[in-house]
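Given next are the chains, with one letter for each unit.
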Amino acid sequence: MGLAKLYSRALCGIQAPEVIVEVHVANGLPNFSIVGLPDTEVKESRDRVRSAIQMSGFDFPARRITVNLAPADLPKDSGRYDLPIAIGVLLASGLIKTTLDISQFEFAGELALDGMLRKINGALAIAYNAGESLRGFILPETSAVEAQLVSGVTIYAAKSLIQVVQYLTGEIILVKAAGIDSLATLTADSFLDFNQVKGQLSVKNALEIAAAGRHSILMVGSPGCGKSMLAERMVTILPPLTSKEAIESASIYSLSQGGMDLNLWGRIPFRQPHHSSSGVAIVGGGAKPKPGEISLAHNGVLFMDEIPEFERKVLEVLREPLETRKINIARASQKVEFPADFQLVAAMNPCPCGNYAHPQNVCKCSAEQRNKYVSKLSAPLLDRIDLVVQMPYLKPEDLQNLPLGESSQEIKARVIGVRKLQLDRQNKLNYALNNQEIEKYCNLEEKALELLQQISNKLGYSPRSYYRLLKIGRTIADLDNAEIIKAKHIAQGIQYKQLL
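Owing to the predicted nature of the structure, the values given are computational and were not obtained by experimental measurement.

Summing up its helical and strand segments, the chain has 21 helices and 19 strands in all. Reported as C-alpha extents along the three principal axes, the dimensions of the chain are approximately 85 × 45 × 45 Å. For the chain, with 500 residues in total, the buried portion stands at 53%. A separation threshold of at least 6 residues defines the contact pool for the chain, and within that pool the share at least 24 residues apart is 75%. Of the roughly 22500 Å² that the chain leaves accessible, carbon and sulfur atoms contribute 51%. Separation between the mean location of the 55 positive side-chain charges and that of the 52 negative ones in the chain comes to 3 Å.

This next bit is on the side chain of Lys-497. Position of Lys-497 relative to the elements: it lies in the segment after α21 (487–495). Among buried charged residues, Lys-497 stands out as having no salt bridge; its nearest opposite-charge side chain is Asp-386, 5.5 Å away. Polar contacts involving the side chain of Lys-497 include one to the main-chain carbonyl oxygen of Ile-385, which spans 3.3 Å. Contact partners of Lys-497, with chain neighbours within four places excluded, come to Leu-382, Asp-383, Ile-385, Asp-386, Val-388, Tyr-461, Ser-465, Leu-469 and Ile-472.

What follows concerns the pattern of salt bridges. Counted under the stated rule, the structure contains 23 salt bridges. Residue Arg-80 pairs with Asp-77 through a salt bridge whose shortest N-O separation is 3.5 Å. Here Glu-406 makes a salt bridge to Arg-414, at a shortest N to O gap of 2.8 Å. Connected through salt bridges with shared partners, the residues Glu-323, Asp-383, Arg-384, Asp-386, Arg-464 and Arg-468 form a single ionic network.

In summary, soluble globular proteins display a tendency toward joint burial of nonpolar side chains. With 87 residues, the main nonpolar core has Leu-218, Met-219, Ile-294, Leu-318 and Phe-342 as its most contacted residues. Judged by nonpolar contacts, the second largest core, of 44 residues, contains Ile-53, Phe-58, Ile-85 and Ile-96.

If you trace the backbone, Pro-269 turns up in the loop between α9 (243–255) and β12 (270–271). Sequence separation between Pro-269 and Ser-133 is 136 residues, and the spatial gap between their C-alpha atoms is 29 Å. Beyond its immediate chain neighbours, meaning those up to four positions away, Pro-269 contacts Val-235, Leu-241, Ser-249, Tyr-253, Leu-296, Ala-297, His-298, Asn-299, Gly-300 and Val-301.

Taken in spatial order, the 5 strands make up an open sheet running β12-β15-β18-β11-β19, and their pairing is parallel. Taken across any chain shown, the strands that pair with only one partner, and hence form the sheet edges, are β12 and β19 (387–391). Where strand β11 (residues 217–221) meets β19, 5 bridges bridge the pair, whose relative direction is parallel. Within the sheet, the bridge partner assigned to Met-219 lies in β19 and is Val-389.

Both the distance between ring centres and the angle between the ring planes are used here to describe each pair of aromatic rings. What the rule picks out here adds up to 6 aromatic pairs. Ring geometry for Tyr-466 against Tyr-467: centres 5.7 Å apart, planes inclined by 90 degrees, an arrangement best described as edge-to-face. The class of Tyr-466 is partly exposed, set by a relative accessible area of 21%. Put simply, the rings of Phe-105, Tyr-156 and Tyr-167 touch in pairs and so form one group of aromatic residues. Taking the ring centre of Tyr-7 as reference, the NZ or CZ of Arg-135 above it sits at 3.7 Å. A cation over a ring is seen here: Arg-370 above Tyr-356, with NZ or CZ 3.7 Å from the ring centre.

Here we take up the pairing of strand β9 (residues 155–158). Side-chain positions along a regular strand alternate between the two faces of the sheet. Pairing of strand β8 (residues 136–140) with β9 involves 4 bridges; the strand directions are parallel. Bridge pairing in β9 links Leu-139 to Ala-157. Where the polypeptide runs from β8 across helix α5 (residues 141–147) and back to β9, its parallel neighbour, the crossover connection is right-handed.

Rules of the game
Residues numbered from 1 in each chain as written. Predicted model: local features only at pLDDT ≥ 70, side-chain atom pairs only at ≥ 80, totals over all residues. Heavy atoms only, no water. Helix = DSSP H or I, 4+ residues; strand = E, 2+ residues; numbered from the N terminus. Buried < 20%, exposed > 50% of the residue type's maximum accessible area, 1.4 Å probe, protein only. Contact = heavy atoms within 4.5 Å. Areas by Shrake-Rupley, 256 points an atom, 1.4 Å probe, with all protein chains shown as cover. Lys, Arg positive; Asp, Glu negative; His and termini not counted. Charge placed at Lys NZ, Arg CZ, Asp CG, Glu CD. Salt bridge = Lys/Arg side-chain N within 4 Å of Asp/Glu carboxyl O. Polar contact = N/O pair within 3.5 Å; in protein donor to acceptor, adjacent residues only side chain to side chain. Core = buried A, V, L, I, M, F, W, Y, C linked by side-chain atoms within 4.5 Å. Pairing = 2+ DSSP bridges. Phe/Tyr/Trp six-rings, centres within 6.5 Å; stacked < 30°, edge-to-face > 60°. Lys NZ or Arg CZ within 6 Å of the ring centre and 35° of its normal. Right-handed = clockwise from strand over helix to strand, strands pointing away.

Okay, structure coming up:
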């Protein structure tokens, strides 16, 4: 009878490689087969497609139908192939004749039995990857709203199979939906501000350093001293996301179990997993790999409160993504890579009871209990945490007399200025410098070099800690508007490397 070829997309992490949907209709005993590594959901599309075609007013061809999803070695999942398969069957069997060039479109959509189109998972990620093909993208109306966030892709929204058919045959016109270029109209204002936390000037300074160079930070202090309040306000001093970063973050959310919330579009991600979270919840995974908390925090902040209360094996899985800024998840059927370029902000008590070194409350923990508690953070993990800051205890009556301090906007302005300086100088932020770039851009005066070498030998810093301290010194010098890293910058960085 005939052969039809349409284009669709698979999902491998946030990548969406092209899939060619070939439908061949031939004479012979009635049979409907799908090949090309389809999973159960894709195989079940035979019944959905058959019913949707019949309910749309067409006679389903009583012939041999073969659907090939190429490339054959790429696993295919979900019901998003229903729409291209149905259109392919109609075209290959001669039931419809299109007036348009079908090769200039990509299709994705799950069909209900009555022919209506249902929302698909990962529409934003598919649209983001489909931008380079220069094809129009036909999606369910409920998914097109999400896909419109990608500029440069022409989106066609449809409610049903018959509506898509009528568009392809020239009976109706589907409205094009242009991408949204501006983030300002979609980003909500925050009610959080740094001036709402009184005192803790040294901690605020450390958070400003962390924000300026995008360094990881650990806050240590007694319960109620303001660790969580400051961590929640970290996003208020970070520069806004670029269009590319917003798309990347939203694409990851579109793949997650909860899907993409349009109200979060353009906001800096802030994830705060509970300490009972499993390793899969943190790094991602499952039979069909989904992104975990570290990927959902991509381009944003991952706040781990009470970090010693997390299971040791959960904490250890952070080591690789803190270095590589991505996570690879391998399963028997497939391997996916999720981005995980997050800024770690962690908090902990100084001991199990939280009263160690408290000026008023007595600590009930033995030395052994305290050491065991602190040692839950392994040396390799601590090596990857750039700043460790002690939070002093402030008496409630003293808080009344303290001024509000700087607002988030004032700190944010400095952070933006310093980040621009780093990008102009080295085309990346300080946290991302490799060892060769550190030697090129982290120039020290002689006194600073002597101090760094002396302290490194005395405290037994690893080469990783040594280079990370250089990057911290570079950020502190940038905040001080100094071209050369001075001894005072190194001394301040060393001050923020002591745990307890």
